[in-house]
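Reading the structure
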Amino acid sequence: MEAGLHGRPSSLKMISSFVKRPSGKEKGVFLALDLGGTNFRVMSVELFGDRTFKVGSTSRYTIPKDLTVGDGKELFNFIAASVDDFLTNNKLPLDKKYGLGFTFSFPVKQTAVASGELIVWTKGFAATGVEGRDVVKLLNEALSKRGISCILVSALANDTVGTLMAKSYQMPHCASGVILGTGTNACYPEEKELGGIIINTEWGNFDKFKQNRFDIELDEMSNNAGRQLFEKAVSGMYIGEIFRLVVLHEFGLILGAELQKPYSLTSADLYELETGALDLKKFGFDKLSPEKIEELKNISRLIARRSARMAVTAIVALLKKEDASISGEHVVAIDGTIYEKFPDYQKHMREFLRELLGDKAEKISFELAKDGSGVGAAIIAAVAALDR
Ligand code: BGC
C-alpha cells in the first residue's frame, strides 16, 4: 500500500478518488448510473441533508455479453439508450438539468472528481477503445449522440468509494468501503498523508500470496492472465470456476458435459448446492452417491471459507494502516452478493477476525451497505455540486 501510494511499483494501484467523506448535509435530487458488471442500474436518489436519503425510481438493465467484449462505442451507446429509457419511463421533465454520479467499477486513474481513464478492464470485460480513455467523456459523447442534454455527469466513482460514501452519509466514522461480489476491492480515507481523501486500493490485483494449482490454472486460462490474482481467489466471478476445476480434477469424466465448459458453474450454483436447491442433473452430480455429494459441499465450503479468510486478512491490513494497534472502533461498509448471500460467509469472516485479533475483533463491525454504490455516486455528485 505504501509503495502504491508513493508511486513506486506495486500490485496495489492506490488511486485517489478526489473526494473526502460527506458531511451528511448534502441535499437534493441526483441521478446515479451504476455499472459494475453485466447488470447496471439507473436510479434517482433524494438526499435530505440530515443523514437520511431515499432511493426513488430504479431501472435495471442487462448488458448483452457480446457488448462487454465488442466495440466500446456500442457499449456506451447501450448505456445512453438505457438512460434514455429511464428518463422516458419516469417522465422526468427534459428542460431541467440533472446532476449524475457515474459509478464505474473498474480500475480508473482519476484525474478529477468527474474524469478518469480506464486503466485496464477486469471481470471478463474486454470492450475495445475504452482502456486509456476518459470514461466520462465516452459517456457524455454517447449521451449527446442520443440527444440527451439534460444530464450533467458531475462525479465518477468506484463502487467501493460509493459504498463508503453511502454508509458515511448515515454514520460519520465509516473506515472502509469493501466489495465482495462479482469482483473484490476496497477503499479507505487516507488521513495521515492526504487529510482524508478516499483512496481506491484496487486490492483485487494484489499478488503477494501463494496460489494453489487451481488458482494457477484458472489464471492461465483467463483473458487477463497475471492480473487480479487476489480477486481470482476471492470473488464471485471466480469461486464457481475454482470449484469446477477442483471437481473436474478429483471426479473426472463421470460428470456431465456441462461441467466441461469453463465458467459453467456460478457462485449462485454453489449457494444452491449448499442449501440443497441445485438441480444436480445439470452438472451430472445426480450420478454421485450421497457421500460424494457431501464431499462436493465440503469443497464448496472450503473455497468460500478461504475467500472469507483472505478478505478479512486484507480488511485488517487496511485498518492497521491507519490504526496500527486497532485501538479505536471501526465500521467497515460491505456490499456484494458473496458477502450477502453465501451461506456462512459472514460467520467465517467473524471467526477469522477473532483468530487474528483476539478480543480486539469486537472493535470492528461489518455493516451491509446494500446497493450503496449507486447512492454513494449520487452523494459524490452532491458534494461536487456544493464545491462549484
Ligand atoms: C475492479 C474494481 C471494483 C471491484 C468490485 C474489480 O474487478 O477492478 O474497480 O471495485 O471489481 O466491483
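Details of the structure are given in the entry above.
Read on for an overview of the structure. Just so you know, these numbers come straight off a predicted model, no measurement behind them. Position numbers for residues start from 1 in each chain and track the written sequence from start to end. Note on the predicted model: pLDDT of at least 70 is required for a residue's local features to be given, and 80 or more for side-chain atom pairs to be given and counted; whole-chain, interface and lining totals, by contrast, use all residues. For side-chain calculations, the full set of non-hydrogen atoms in the structure is used, while hydrogens and water are omitted.

1. A short note on the overall build of the protein chain
Numbering goes from the N terminus for both helices and strands, where a helix is a DSSP run of H or I of at least four residues and a strand is a run of E of at least two. The secondary structure content of the protein chain amounts to 14 helices and 13 strands. Our radius of gyration looks at C-alpha atoms and nothing else; its globule reference is 2.2 Å times the residue count to the power 0.38. Taking 21 Å as the expected radius of gyration for a compact globule of 388 residues, we find that the protein chain reaches 21 Å, a close match to that expectation. The contact definition used throughout considers only heavy atoms, calling two residues in contact when any of these lie within 4.5 Å. Here the contacts in the protein chain between residues at least 6 apart in sequence split such that 68% fall between residues at least 24 apart. In this tally Asp and Glu are treated as negative and Lys and Arg as positive; neither His nor the chain ends contributes. Lysine's charge is taken at NZ, arginine's at CZ, aspartate's at CG and glutamate's at CD. If the 49 positive side-chain charges of the protein chain are averaged to one point and the 50 negative ones to another, these points end up 2 Å apart.

2. Overview of the site of the ligand
Around the ligand, 14 residues are found, and the nearest of them are Thr 122, Lys 123, Asn 158, Asp 159 and Glu 202. Under the rule applied, a polar contact is a pair of N or O atoms within 3.5 Å (in protein, one hydrogen donor and one hydrogen acceptor; residues adjacent in sequence only if both atoms are side-chain atoms). Side-chain polar atom of Asp 159 to an oxygen atom of the ligand: 2.6 Å apart, as the coordinates give it. Within the side chain of Glu 231, an N or O atom sits 2.9 Å from an oxygen atom of the ligand. With a 1 Å grid laid over protein atoms only, a set of points is called a cavity when a 1.4 Å probe fits there but cannot get out and a pocket when it is open yet has protein on both sides within 12 Å along at least five of seven lines; lining residues have an atom within 4 Å of a point. Here the criterion for a molecule occupying a pocket or cavity is that more than half of its atoms lie within 2 Å of the pocket grid points. Taken atom by atom, the bulk of the ligand overlaps the largest pocket. Only Asp, Glu, Lys and Arg are considered charged, only Ala, Val, Leu, Ile, Met, Phe, Trp, Tyr, Cys and Pro nonpolar, and every remaining residue, Gly among them, polar. For the shell around the ligand, a count of residues per class yields three nonpolar, seven polar and four charged. Any residue with a non-hydrogen atom lying within 4 Å of a molecule or strand is treated as near it.

3. Some points on the state of the cysteines
Two cysteine sulfur atoms make up a disulfide if the distance between them is within 2.5 Å. Inspection of every chain in the model, using the stated rule, returns zero disulfides. This cysteine, Cys 174, is not joined by any disulfide, and Cys 187 carries the nearest cysteine sulfur, 8.2 Å off. Each residue is assigned to one of three classes by its accessible area relative to the maximum for its type, calculated with a 1.4 Å probe on protein chains only: buried under 20%, partly exposed between the two thresholds, exposed over 50%. Overall, Cys 187 belongs to the buried group, its relative accessible area being 0%.

4. Quick look at the pattern of salt bridges
Just to be clear on terms, a salt bridge is a Lys or Arg side-chain nitrogen sitting within 4 Å of an Asp or Glu carboxyl oxygen. Enumeration over the complete set of coordinates arrives at 22 salt bridges. We note a salt bridge from Arg 213 to Glu 250, for which the minimum N-O separation is 3.7 Å. One end of the pair, Arg 213, is in helix α7 (residues 213–221); the other, Glu 250, is in helix α9 (residues 236–251), with 37 residues separating them in the sequence. Judged by its relative accessible area of 52%, Arg 213 is exposed. Given the relative accessible area of 48%, Glu 250 is considered partly exposed. In this structure, Lys 321 and Glu 322 form a salt bridge, with 3.8 Å as the shortest nitrogen-oxygen distance. Salt bridges here are not isolated pairs; linked through shared partners, they connect Asp 34, Arg 41, Glu 340, Lys 370 and Asp 371.

5. Re the nonpolar core
Core analysis: the largest hydrophobic core is formed by 61 residues, its most contacted members being Phe 243, Phe 285, Tyr 345 and Met 349. With 14 residues, the top contributor of residues to this core is helix α11 (residues 290–322). Filtering out sequence-adjacent residues up to four positions away, Phe 285 remains in contact with Phe 243, Val 247, Leu 255, Leu 259, Leu 265, Leu 278, Leu 280, Ile 293 and Leu 296. Residues belong to a common nonpolar core when they are buried Ala, Val, Leu, Ile, Met, Phe, Trp, Tyr or Cys residues joined through side-chain atoms within 4.5 Å.

6. Some remarks on the pairing of strand β7 (residues 115–118)
Residues in a regular strand point their side chains to alternate faces of the sheet. As defined by bridge partners, strand β6 (residues 108–112) adjoins β7 across four bridges and the pair is classed as antiparallel. Pairing of Gln 110 across the sheet is with Gly 116, part of β7. Here β6 hands over to β7 after two residues, the two strands then running antiparallel side by side. Pairing between strands requires that DSSP locate at least two bridges from one strand to the other.

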